[in-house]
Amino acid sequence: MKIVSYSIREDEMPALKNWEKAHPDVEVQVESELLTPESAAKAQGADGVVVYQQKPYTRETLQALHDAGINKMSLRNVGTDNIDMDAAKELGFQITNVPVYSPNAIAEHTIWLMGRLLRREPEYTAKIAKRDLRWAPEIGREMRMQTVGVVGTGHIGRVVIDILKGFGAKVVCYDVYQNDQLKAEGLYVDSLEELYQQADIITLHVPSLKENIHMINDDTIAQMKDGVIIVNAARGDLIDTDALIRGLDSGKIKAAGLDVYEKEVGVFNEDWEGKQFPDERLDNLLNRKNVIVTPHTAFYTETAVKNMVEISHNCNVQLIKGEKADNTVELG
Ligand code: NAD
Ligand code: COI
């Protein structure tokens, strides 16, 4: 059995080597390249591919894989929003993802973003770099005094809520499907509007479904409290960036913590030293002392990376063996 593993990074190699040791019957061909219409040919003769990338898996890419004899593809990540699902279905693909590799990685990062903004860390860092060690005027706020609105109570949202409870924050949450335990605890509000009206901090943990794109826009921002803090470690296109910038300009939004960005594909996880970003709004956000941007690093922990490598390769073996795979992606 042979698997081609695309866009494997150095930091994934130890986990992959361990996995290979435990699976001597599987030959793994490691490719540092992303899966593209051109690199798909490298999978010729293999039984399946394991991939991770933020760039789209276009019809052209899937067709090229199909032409190379491959229709079993395992993602090392959660998000499937970059797959041309119609093409995947038409070409008879079987796809798996890793829906749960470490919700704690993303949840903890979310909490750090909130905490850093509440204690005005970017402003202090800028002051301290200039040898200004005075306290005022950057007085902080305590987590236990905040009402935090958690949008989406799936794997990640639920861990965020657990951590927030430890801080003593008041949690309100909203999900289109309610979790029994949170329901019993009375944490759900009946609508997003209600959540927006009550929350001092709003944190997003929903997928980038069509109906969720730009769920944070001028109209929904208008429903929020003055001085709201918005945190997004889910997907960039949940927020209309122009509306966010308008909200920050007017002061309606006090601060924002963004691990994801609408135009991040091809921008995050690249070195831009001495080069212009293709989207000047990113400079606008990065230059603000009340905004923290992290380049989609919420997932990036040793635990998560190990799980992503192991689970995705296990799933690919299941697909190749014709077994029911653990994390089969519904192609619509
Ligand atoms: P999940 O599927 O477990 O939970 C998502 C929840 O959102 C579900 O309960 C669903 O019912 C709910 N939902 C969908 N649309 C909604 C809406 N309009 N209003 C309210 N609830 C809605 O997903 P998860 O694993 O918790 O992931 C959450 C998000 O985090 C996803 O967008 C995922 O892609 C993203 N993510 C980000 C990173 C990162 O590194 N920043 C890593 C992994 C996942
Ligand atoms: C996902 O798993 O969907 C993520 O958002 C993390 C990815 C950048 C590896």
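Residues numbered from 1 in each chain as written. Chains lettered and ligands numbered in written order. Predicted model: local features only at pLDDT ≥ 70, side-chain atom pairs only at ≥ 80, totals over all residues. Heavy atoms only, no water.

For the rest of this paragraph, the subject is the packing of helix α1 (residues 13–22) against helix α12 (residues 302–320). Where α1 contacts α12, the axes come no closer than 8 Å and their chain directions differ by 40 degrees. Considering their axes alone, α1 and α12 lie oblique with respect to each other. For the crossing formed where α1 meets α12, the hand is right-handed. Where α1 abuts α12, its residues A15, L16 and W19 lie against K306, V309, E310, H313, N314 and V317. Here the residues of the contact of α1 with α12 sort into 5 nonpolar, 2 polar and 2 charged. (Axes fitted to C-alpha atoms, helices over the stretch in contact; angles between N-to-C directions. Helix = DSSP H or I, 4+ residues; strand = E, 2+ residues; numbered from the N terminus. Parallel < 35°, antiparallel > 145°, perpendicular 65-115°, else oblique. Left-handed = near helix turned anticlockwise from the far one by under 90°. Contact = heavy atoms within 4.5 Å. Nonpolar A, V, L, I, M, F, W, Y, C, P; charged D, E, K, R; others polar.)

What follows concerns the UniProt feature "domain: D-isomer specific 2-hydroxyacid dehydrogenase catalytic" (unreviewed entry) in the chain. Those residues carrying the UniProt feature "domain: D-isomer specific 2-hydroxyacid dehydrogenase catalytic" (unreviewed entry) are residues 5–329 in this numbering. Between the C-alpha atoms that bound residues 5–329 the distance is 19 Å, and the span itself is 36% helix and 14% strand. (UniProt positions renumbered as here; feature names shortened; annotations may be inferred.)

What follows is about the nonpolar core. Counting residues in each nonpolar core, the largest one holds 33 residues, and the members touching the most others are L195, I202, I216, M224, I230, L244 and L285. Only β7 (170–174), α8 (192–198), β8 (201–204), β9 (228–232), α10 (241–250), β10 (253–258), α11 (280–286) and β11 (291–293) provide two or more residues apiece to this core. Per-element tally for this core: the top contributor is α10, with 4 residues. Contact partners of I202, with chain neighbours within four places excluded, come to G149, V151, L195, Y196, M224, V228, I229, I230 and V231. (Core = buried A, V, L, I, M, F, W, Y, C linked by side-chain atoms within 4.5 Å. Buried < 20%, exposed > 50% of the residue type's maximum accessible area, 1.4 Å probe, protein only.)

Here the focus is the pairing of β10. The element β10 is extensively covered by neighbouring structure, given that 5 of its 6 residues are classed as buried. As defined by bridge partners, β9 adjoins β10 across 5 bridges and the pair is classed as parallel. Along β10, the bridge assignment pairs V231 with G257. Each parallel crossover has a hand, and the one from β9 via α10 to β10 is right-handed. Following the chain from β10 across α11 to the adjacent parallel β11, one finds a crossover that is right-handed. (Pairing = 2+ DSSP bridges. Right-handed = clockwise from strand over helix to strand, strands pointing away.)

For the rest of this paragraph, the subject is the sheet that holds strand β3 (residues 48–51). Here 5 strands make up an open sheet; going across it, the order is β2-β1-β3-β4-β5 and the pairing parallel. Each edge of the open sheet is held by one strand with a lone partner, namely β2 (27–30) and β5 (94–96). Taken pair by pair, the neighbouring strands of this sheet meet at an average axis angle of 20 degrees, ignoring direction. With 3 bridges connecting them, strand β4 (residues 72–75) and β5 associate as parallel partners. Note that in β5 the partner of M73 across the bridge is I95. Packing against the sheet, α12 makes contact with β1 (2–5), β2, β3, β4 and β5, and its axis sits at approximately 160 degrees to β4.

This paragraph deals with the site of ligand 2. Residues in contact with ligand 2, as listed here, are Y52, N77, V78, G79, Y101, R235, H296, F299 and M308. The backbone of V78 places a nitrogen or oxygen atom 2.8 Å from an oxygen atom of ligand 2. Taking R235, its side chain carries an N or O atom lying 2.6 Å from an oxygen atom of ligand 2. With the chains in place, 94% of the 280 Å² that ligand 2 exposes on its own is no longer accessible. Residues of the shell around ligand 2, tallied by class, amount to 5 nonpolar, 3 polar and 1 charged. (Near = heavy atom within 4 Å. Polar contact = N/O pair within 3.5 Å; in protein donor to acceptor, adjacent residues only side chain to side chain. Areas by Shrake-Rupley, 256 points an atom, 1.4 Å probe, with all protein chains shown as cover.)

Ordered in space as β7-β6-β8-β9-β10-β11, the 6 strands form an open sheet in which the pairing is parallel. The sheet is open, and its two edges are formed by β7 and β11, each paired on a single side. Adjacent strand axes in the sheet meet at a mean angle of 15 degrees, parallel and antiparallel pairs treated alike. Each of β6 (147–151), β7 and β8 is contacted by helix α6 (residues 155–167), which is oriented at about 165 degrees to β6, the strand it contacts most.

So, on to the pairing of β4. Burial along β4 is two-sided: the residues K72 and S74 and M73 and L75 are all buried. You can see the chain leave β3, run along helix α2 (residues 59–67) and come back into β4, and the turn it takes is right-handed. For the crossover from β4 across helix α3 (residues 85–90) to β5, the handedness is right-handed.

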